[in-house]
Every structure is written in C-alpha cells, then in structure tokens.
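# An overview of the molecular structure
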Amino acid sequence: MASEWPVVSPRVRELFRRGAEVAANPRADWIEELHRASLSGARMRAVVDDPVLAAATRRANLANLLHWAAANVRDPGDRVPVTSGPEVLEAARDLVRRGLDQGGLDAYRTAQSVAWRRWMEICFDLGPSPADLRELLDISSLSISTFIDDTVAAIAERMAAERAELTRGAHAERRATVTLLLEGAPISRVRAEAQLGYGLTGPHTAFILWSPAATGTGPLEAAAEAVMRATGAAHRLTVLASAAALWVWLPAATTCDSAEVTERLARTPGVRVAVGRPGTDVDGFRRSHLDAITTQRMLTRLASSQQIGRYRDVQLVALLTADPARADEFLTDTLGDLLHADATLHEAVRTYVRELGNTSRTAERLFTHRNTILRRLARADELLPRPLADDIVTVGAALEVLRWRTGSP
C-alpha cells in the first residue's frame, strides 16, 4: 500500500507553483539537453538509429516534462498523475512494433536526472529561505521520482498489452516473417511467400515512408498507394513499422524518380520517402530495404528538407556523413569560404562538376550565359582553399553533401 502523500506548507506550495511556471516554458537548450540524455546509453542504440523511434522518444519526454509542470501549476506539490497523451502511448506502441524490449524505457530515467538538475536551478533562483528550500527540494524529489516511476510502470503495462495484441492476427505474422527475412534467418521462400501474400522471386524495390510529425498512418498509406500507382506496380507488401512509419516493397525494379511520383507525393507534404536500390529475389528484398534505411537515416541526420531520397543518389553522401562531426570538418576544409556562399554559386559549381568541366553544357543546364558561368567559377576559385581544377572531385562531393543538408534542388 502506498504511503500517504506529505502535506506541503502554503509557502512552499507557492514556491512550487512559481517554479512550475518556469518549467512549463523550458528554454531550447534545456530541451536539447533532455533529448540528448534520453537517447544516450548502450541500450538506446536501436532507438537512436531509427529516426522515427528517436523522434517519438523526444516527443514523449517533452510531453512528460510539460505535463508534470502544468500539473504543478494547477496543484503545486501534489502527486502528479501519469499522462495518457498520444505522444507517450505512441512511443510505447512503436517500441513494441520494432520488437524492442523495455530497455527503451531507459530514456525516462536518464531524462529524469537532467530534469532534476534543471529543476534545482529553478528552485535556487526562486530565493527561498533555507528551511523552505529544504522542504521544496524534498517534495520535488519525491514528486519527480514518483511521477517517473508511475510513468514507466504504466508504459510497461501498455507495452505488454500491445505485445499481446501484436502476437495475434495477420499483422503479427507478416511483421514476424519480414523480420526473419531481413535478419537472414533460415525461413523457406515458399513459407515466407504464403505468410506474406507476396512473391519473393523476381525484382523488388523497397521504400520507407514516415512522418516526422507523427500524423498517423492515413497519409502514409495514401502516399504508398500513390507511389505504387505512379510506378505501375500491380500490388505492394506493406508492414506497419510504427505509428508513423511504413515499410513497403513493390514487385518491380523502379527508382521512383519519375515526375509522376514526385507530383503525387507533393500532395502529401508531411510524408518523407526513402527508396532503396532495386534488387532480385530474397537477397534483393533484404538489400533494398537496408538501402532505404540508410537513406532514411541520412535524411534525418542532415535534417534535410528533401521529401524523397533515393539510395542511388545519396550513397556517397551517406558514407561521408556517417560521422556528423567529421562531415562538418570535411565541408569546412574542402569548401572554405565557399561553404557560406549563396545557393546560386553552389549550384553553378555543382553543375559544372556534373558536366565534367564543360562550361557550355553547364550554361545550358542552368539556362544562363556561358560568361556568367565563367564569372561564377572564378568567384568560387577565390573562395575555395585550393583551385577548383586541383580538387574538383572532392569539391563536388562536398557540394553534394551540402545539397542534401540544405534541401537544394
């Protein structure tokens, strides 16, 4: 039986309320520190590597912080009930759908330590007397730890219920079969095809659709259907990866780069798409999906505004940006002052590299005069650490990284 909640003095209740008002409007650097902490630790690696799971964890932690603060503005010092908001429930559901255990709940514990440090700063800034500060910190420690304990217990219960639900029905069977195929487990092709209702011989193209804003699966399904129709595929295999992501395979060798695909996707602006290389048979089924995952992670890592990314277009960029800090160093060392030049100059140099140093074709591609291109190239040479002619391949690679990072066409 839980012990009785302590009575808080009126003075400390007022201090608690004032502090909660500050916490209810957290500074951006506090929020960023909270996110970094929540995604740290060895057991969080699988979450960090998945952009959708990482985003869901961030939303859940921020929702918990704001819920705790709002509850203490209303009823300062009282026990805070667990939030049943969609952010927390979706995070729990997504962890289960990815086949992860409760190690994903480590995020709440690590976030707790950051929140406690920031809360102590707030308490000291309120200027209480030593006696009031002692009482305030005592009840605060109890409030925060109890809220996190209650939250973790509620989410663990939710995950157990979700896991039980997913072990029943066609969705669970399809998800389990796809997982076995992706892991290279010894499952026969005939059995896998029967469970998926999808042929594994012949060509495949995998793509991942996700929504950073977690708008639900409706827009994702609409976008998947649009891509399928635009590519002329007769049907598709779809696996619900999370509340905000779909894994899809088309029985066709397509790069999804037609104007019709782009046009159809533009009708669902909140949806992002990562496309793998076409492959053949079971190995191609697996490899194409892994390509799409690499592309999705790269788009997320660079915070790119591009709606669609194709592995064939980003393979080099994905390799160059696997370590964000080294990628920044590469851009600075290679581009020098050109890094901060306007987009028009970047586009001119990038197109010149693509056209193998042919200024006439570059001018035609950019619908401008050849002399204009020559002036822009001369300006680029002034800004680059080394002349473009001496480092054209490296500069081209750096500008390609920059293109995906800034979302340039």
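The following refers to the structure shown. Keep in mind it's a predicted model, so treat the numbers as computed, not measured. (Residues numbered from 1 in each chain as written. Predicted model: local features only at pLDDT ≥ 70, side-chain atom pairs only at ≥ 80, totals over all residues. Heavy atoms only, no water.)

### A few points about unusual backbone geometry
In plain terms, the rule: Working definition: helices are DSSP H or I runs of at least four residues, strands are E runs of at least two. Numbering for both runs from the N terminus.
Phi is positive for D281, close to 60 degrees, though the residue is something other than glycine. Inspection of the secondary structure assignment puts D281 in helix 12 (residues 281-301). Here A303, not a glycine, exhibits a phi torsion of approximately 50 degrees, which is positive. Looking at the secondary structure, you find A303 in the loop between helix 12 and strand 6 (308-310).

### Side note on the side chain of N61
So the rule is basically this: Burial classification: accessible surface area is computed with a 1.4 Å probe over protein chains only, and a residue below 20% of its type maximum counts as buried, one above 50% as exposed, and the rest as partly exposed. We call two residues in contact whenever any of their non-hydrogen atoms come within 4.5 Å of each other.
Considering the arrangement of structural elements, one finds N61 in helix 4 (residues 51-74). Exposure remark for N61: the relative accessible area of 5% places this residue in the buried category. Ignoring sequence-local partners within four residues, the contact set of N61 consists of L34, S38, A107, Y108 and A111.

### Side note on the environment of G232
Mapped onto the secondary structure, G232 falls in the loop between helix 10 (217-231) and strand 2 (237-242). It is 9.5 Å that separates the C-alpha atoms of G232 and T254, two residues lying 22 residues apart in sequence.

### Looking at the pairing of strand 3 (residues 245-250)
To keep it simple, the criterion reads: Think of it this way: DSSP has to see at least two bridges between two strands before they count as a pair.
Of all 6 residues in strand 3, 6 are buried; the element is thus mostly enclosed. Judged by which residues are buried, strand 3 turns out to be covered on both faces: A245, W247 and W249 on one side and L246, V248 and L250 on the other are all buried. When strand 1 (residues 203-210) meets strand 3, the two strands line up antiparallel, connected through 6 bridges. Note on strand 3: the bridge partner recorded for T205 is L250. The pairing of strand 2 with strand 3 spans 5 bridges and is antiparallel. Residue pairing for strand 3: L240 is matched across the bridge by L246. Between the antiparallel neighbours strand 2 and strand 3 lie 2 residues.

### Concerning the pattern of salt bridges
Defined as follows: Salt-bridge detection follows one rule: a side-chain nitrogen of Lys or Arg within 4 Å of a carboxyl oxygen of Asp or Glu.
Per the stated rule, a full pass over the model turns up 25 salt bridges. The salt bridge partner of D29 is R27, with a shortest N-O separation of 2.7 Å. A relative accessible area of 37% places D29 in the partly exposed class. For R27, a relative accessible area of 46% gives the class partly exposed. Across the salt bridge formed by D283 and R286, the nearest N and O atoms sit 3.0 Å from each other. One end of the pair is D283 and the other is R286, both in helix 12 and 3 residues apart, which spans about a single turn. One connected set of salt bridges, linked through shared partners, spans E33, R117, R118 and E121.

### Observations regarding the packing of aromatic side chains
Heads up, the rule is: Here a pair means two rings of Phe, Tyr or Trp (six-membered ring of Trp) with centres within 6.5 Å. Their orientation is stacked below 30 degrees between planes, edge-to-face above 60, and tilted elsewhere.
Evaluation of the coordinates by the stated rule reveals 5 aromatic pairs. Taken together, a centroid distance of 5.3 Å and an interplanar angle of 40 degrees make the contact between F16 and W119 tilted. Note that F16 is positioned in helix 1 (residues 10-23) and W119 in helix 6 (residues 106-125), a separation of 103 residues in sequence. When sorted by exposure, F16 lands in the same class as W119, which is buried. An angle of 90 degrees between the planes, with centres 5.1 Å apart, marks the rings of W68 and W119 as edge-to-face. One end of the pair, W68, is in helix 4; the other, W119, is in helix 6, with 51 residues separating them in the sequence. Both residues of the pair, W68 and W119, count as buried. Taken together through their ring pairs, the aromatic side chains of F16, W68 and W119 make up a single cluster.

Shape descriptors only; they carry no functional weight alone.
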